[in-house]
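# Examination of the molecular architecture
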Amino acid sequence: MSIQHLTKRIFETPYRVFQKRTGKQHALMDLLAKIAKEKNVSNAQIALAWLLAQKPWIVPVPGTTRVHRLEENVAAATVSLSANDVKEINNALSKIEVQGARYSEQAQKMINR
């Protein structure tokens, strides 16, 4: 199998993050957008800043193919979340039940082969 074929299959796989959102997921996205607007940063930067705020040894590894997104991701390390921001995000996350498999059945077969 060629790398181009494999890459195409991976990107066409319906990950759970792209599945239909519930009202609670919309509430989380709205909260991230509100905090992002207050800090004049992107929603993605808030998500990365939240990960960085969890533990000092957690290092998010976001993927991208565009330089401007790489720069945006790196800049997330300079975003300061207040204790209240983190508490609000954690509270919103606690109301969401993760559903579905991380990968489709076909994509799962490609892992750890």
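In this text, all values refer to a predicted model and were calculated from it rather than measured experimentally.

The rules behind each value
- Residues numbered from 1 in each chain as written.
- Predicted model: local features only at pLDDT ≥ 70, side-chain atom pairs only at ≥ 80, totals over all residues.
- Heavy atoms only, no water.
- Helix = DSSP H or I, 4+ residues; strand = E, 2+ residues; numbered from the N terminus.
- Buried < 20%, exposed > 50% of the residue type's maximum accessible area, 1.4 Å probe, protein only.
- Contact = heavy atoms within 4.5 Å.
- Areas by Shrake-Rupley, 256 points an atom, 1.4 Å probe, with all protein chains shown as cover.
- Expected span 1.5 Å × (residues − 1).
- Arc of directions from axis to C-beta.
- Salt bridge = Lys/Arg side-chain N within 4 Å of Asp/Glu carboxyl O.
- Core = buried A, V, L, I, M, F, W, Y, C linked by side-chain atoms within 4.5 Å.
- pLDDT = per-residue confidence, 0-100.
- Axes fitted to C-alpha atoms, helices over the stretch in contact; angles between N-to-C directions.
- Parallel < 35°, antiparallel > 145°, perpendicular 65-115°, else oblique.
- Left-handed = near helix turned anticlockwise from the far one by under 90°.
- Nonpolar A, V, L, I, M, F, W, Y, C, P; charged D, E, K, R; others polar.

Along the protein, the regular secondary structure elements total 6 helices and 0 strands. Its helices and strands taken in sequence order, the protein reads α-α-α-α-α-α from the N to the C terminus. Every one of the 113 residues in the protein was classed for burial, and the buried ones make up 20%. Across the protein, every contact between residues at least 6 apart in sequence was considered, and the portion connecting residues at least 24 apart equals 72%. On the protein, roughly 8,800 Å² of surface is accessible, and the fraction owed to carbon and sulfur atoms is 55%.

Our focus in this paragraph is helix H5 (residues 83-94). Its 12 residues place the ends of H5 16 Å apart at the C-alpha level, agreeing with the 16 Å of an ideal helix rising 1.5 Å per residue. Residues Asp85, Val86, Ile89 and Ala92 constitute the buried set of H5. With its buried residues spanning 130 degrees around the axis, H5 presents them on a single face. Exposed residues lying more than 90 degrees from the buried face of H5 are Ala83, Lys87 and Ser94. Considering only its buried residues, H5 is in contact with helix H2 (23-39) and helix H3 (43-54).

Right, let's talk about the pattern of salt bridges for a bit. A full pass over the atoms with the stated rule returns 4 salt bridges. Residue Lys39 pairs with Asp85 through a salt bridge whose shortest N-O separation is 3.2 Å. A residue pair is termed long-range when its members are at least 10 positions apart, and Lys39 in helix H2 and Asp85 in helix H5 qualify at 46 residues. Residue Lys39 is classed as partly exposed on the basis of its relative accessible area, which comes to 30%. A residue is classified by how much of its surface remains accessible, and Asp85, at 6% relative accessible area, is buried.

Among the structural elements, Asn73 can be located in helix H4 (residues 67-75). Using a relative accessible area of 15% as the deciding quantity, one classes Asn73 as buried.

Attention shifts here to the nonpolar core. Formed by 14 residues in total, the largest nonpolar core has its most connected members in Leu28, Ile35, Ile46, Leu81 and Ile89. Those elements that place two or more of their residues in this core are H2, H3 and H5. Element by element, the count of residues in this core is highest for H2, at 5 residues. Every residue in contact with Ile35, bar those within four places of it in the chain, is listed here: Ile46, Leu81, Asp85 and Ile89.

The subject of this paragraph is the confidence of the model for the protein. On average, residues of the protein score 81 in pLDDT, and 81% of them reach the 70 mark or higher. Note on residues 6-18: pLDDT under 50 across the span, and 17 contacts to partners over four residues away in sequence or across chains.

Here we come to the packing of H2 against H5. Across the interface, H2 lies against H5 with an axial gap of 9 Å and an inter-helix angle of 165 degrees. Looking at the two axes, H2 sits roughly antiparallel to H5. Considering only the axes of H2 and H5, their crossing is left-handed. Contacts between H2 and H5 involve Leu28, Leu31, Leu32, Lys34, Ile35 and Lys39 from the former and Asp85, Glu88, Ile89, Ala92 and Leu93 from the latter. Its residues assigned to classes, the contact of H2 with H5 shows 7 nonpolar, no polar and 4 charged.

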